[in-house]
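# Overview (structure and organization)
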Amino acid sequence: MSGRLEGLEPSKVFRFFEEICSIPHGSYHVDEISRYLEDFAVKRNLKVIRDKENNVIIYRDASEGYADKPVTILQGHMDMVAVNDDPEVDMDVTPLDVCHDGEYIYAKGSSLGGDDGIAVAYMLAILDDDSIKAPALEAVFTTNEEVGMDGAIALDAGLLKGKRLINLDSEEEGIFIAGCAGGIKMKAGIELALLENGAASEKACVKVSVSGLLGGHSGEMIIKNRANAIKICGRLLYDICGRFDVDFVDIKGGTKSNAIADKAEFEILVNSNDISGLKVVIADIEHEIKNEYSQKDDGIKIMVSESSLGERCVFTGSSLKKLASFIMAMPDGVQAMCGWTEGLPLTSLNVGIIERKDNIVYTYHELRSQMGSSLRNLNKSVTAIADAFGAVCENSSQYPEWEYRESSPLRDEMCRVYKEMYSVEPKIEVIHAGLECGILAQKIEGFDAVSIGPDILDIHTTKEKLSIKSTERVWEYLLRVLSA
Ligand SMILES: [Zn+2]
């Protein structure tokens, strides 16, 4: 596959990009790429440190005349979300099939890992070329960003002298990210009581499926007030429990705590002569929901179908009522908006997964806030609600926010260079999602950072594509910033 990107500019950036695409580097499979980065430095006599988490730091001395400039950290993550259209393909061992159409670079049948492979390629191209004028550089390649930022969390900031950091993990050219949300992942477990005497054999097993929702990333898309399939299940179950004599079989929905659940389903046992009444109730609620989400989430579908219980366990109607009430009571979506930035949520949460394991139903929630105190308060609210229902809940991981700072000499300088080059101001944004900058901000005193990157579309999907022209412009811009 070598040479597929030949002829594209900037040639060195794309040569390194293609090289890393030949090394599988999905999250948790970063050994080889990490070793490749270490070897890169060793071959060029650059000082390098590779830590236990496979993070790699490569150091480059200041160019002549740049010794007085502050040390600059360049940073990106080496892991990618590796997904393939064909479930048979093992992305842990299969190189990416990289192509381009003259405008975009993509990988046939899989995600590309432009997020954040392009950062890696930029950094290598800079480190490889002594003619590029820059202050002393510390190039930080972190691991497993996409699955909880494990690398950044483990990184020893004592290895870094720099306080100015350019993070290269943004996906929209012309937008400078200057702050991000912190987050907490929570898991709650609510116990169900088994129905004595096993299955109520005279009842029919019915499956209710909620589908057709838009879903989306729970940070960027939470502002859109889209429907959540798990919350819809709670709403349906709450009404059903209030009107019919039902027993509970199963529930499942969603795939990731940080994705708005786009489908979910549950199975219940209901008296055969109640089925037609049940269908009417569900159709009424479906009608209400479609109305409420009209223009926002138009494809919502609720289907009722016959199912079969088989050998499965059955749980009591009162457990189901408790579960339905718990889902109903749990807040979801935007909880508060920021006072200082129009259109930016201050605090939000999303229930992304529901699943039953034996006699416990687990829900997985992703909480976010631009402000630590507000996040901690929401964390307590969720815990208090879980407590009230006798559910056991815990925080499974958390990461800090990167608070927007009024004074940022790096940002000022980067804006000045941008304006010089393009005669327009870049857009400064704070995002309601996590970046490794939050973790690094906690570790580096006097942290001053901006996050930038070229246009990448549909990241984390098999449609991911990287704009060639934008990659070139951001490259030229980055070189101007470094040589400023
Ligand atoms: Zn990324």
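Residues numbered from 1 in each chain as written. Predicted model: local features only at pLDDT ≥ 70, side-chain atom pairs only at ≥ 80, totals over all residues. Heavy atoms only, no water.

Let us now look at the side chain of Lys203. One can find Lys203 in strand E10 (residues 203-211). A distance of 3.4 Å separates the side chain of Lys203 from the side chain of Asp245, its partner in a polar contact. Here the side chain of Lys203 touches Asp247 through a polar contact of 2.8 Å, side chain to side chain. Setting aside residues up to four positions removed in sequence, Lys203 forms contacts with Asp245, Val246, Asp247, Leu269, Val270 and Asn271. (Helix = DSSP H or I, 4+ residues; strand = E, 2+ residues; numbered from the N terminus. Polar contact = N/O pair within 3.5 Å; in protein donor to acceptor, adjacent residues only side chain to side chain. Contact = heavy atoms within 4.5 Å.)

This next bit is on the sheet that holds strand E21 (residues 465-467). Taken in spatial order, the 4 strands of this open sheet run E4-E5-E21-E20, and their pairing is antiparallel. Unpaired on one side and paired on the other, strand E4 (98-100) and strand E20 (456-457) mark the two borders of the sheet. Bridge count between E4 and strand E5 (residues 104-107): 3 bridges; the pairing is antiparallel. Residue pairing in the sheet places Cys99 in a bridge with Tyr106 of E5. The sheet strands contacting helix H11 (residues 468-483) are E4, E5 and E21, and the helix crosses E21 at an angle near 55 degrees. (Pairing = 2+ DSSP bridges. Axes fitted to C-alpha atoms, helices over the stretch in contact; angles between N-to-C directions.)

The subject of this paragraph is the side chain of Ser467. Topologically, Ser467 is positioned in strand E21. There is a polar contact of 3.1 Å between the side chain of Ser467 and the backbone nitrogen of Ser470. In contact with Ser467, not counting residues within four places along its chain, are Glu103, Tyr104 and Asp455.

If you check helix H6 (residues 275-292), its first and last C-alpha atoms are 26 Å apart, about what 18 residues at 1.5 Å a residue would give, namely 26 Å. Buried residues along H6 sit in contact with E10, helix H5 (229-243), strand E12 (264-271) and strand E13 (301-306). (Expected span 1.5 Å × (residues − 1).)

Next up on the list: the domain arrangement of the protein. In terms of domain boundaries, the protein breaks down into domain 1 (11-181 + 402-483) and domain 2 (183-399). If you average the C-alpha positions of domain 1 and of domain 2, the two centres end up 37 Å apart. Counting residues at the interface gives 10 residues for domain 1, matched by 14 residues for domain 2. Each partner contributes to the roughly 970 Å² buried at the junction of domain 1 and domain 2, and carbon and sulfur atoms together form 61% of this total. Contact with domain 2 buries area across many residues of domain 1, yet Ala181, Val430 and His432 alone supply 57% of it, more than any other trio. At the junction of domain 1 and domain 2, the tally comes to 0 salt bridges. Our enumeration of links across domain 1 and domain 2 arrives at 4 residue pairs in polar contact (both at pLDDT 80 or more). Here the side of domain 1 that touches domain 2 is built from residues that sort into 7 nonpolar, 2 polar and 1 charged. (Domains from an automatic or database assignment. Buried area = accessible area lost by both parts, 1.4 Å probe. Salt bridge = Lys/Arg side-chain N within 4 Å of Asp/Glu carboxyl O. Nonpolar A, V, L, I, M, F, W, Y, C, P; charged D, E, K, R; others polar.)

Glancing now at the pairing of E5. Taking the residues that link successive antiparallel strands as the turn, the E4-E5 hairpin has 3 residues, and the phi of Gly102 there is positive, at about 95 degrees. Strand direction decides the pairing type here: E5 and E21, joined by 3 bridges, are antiparallel. Bridging from a neighbouring strand, Ile105 pairs with Leu466 of E21.

For the rest of this paragraph, the subject is the pattern of salt bridges. Scanning the entire structure with this criterion turns up 22 salt bridges. Linked by salt bridges that have partners in common, Lys12, Arg44 and Asp128 make up one network.

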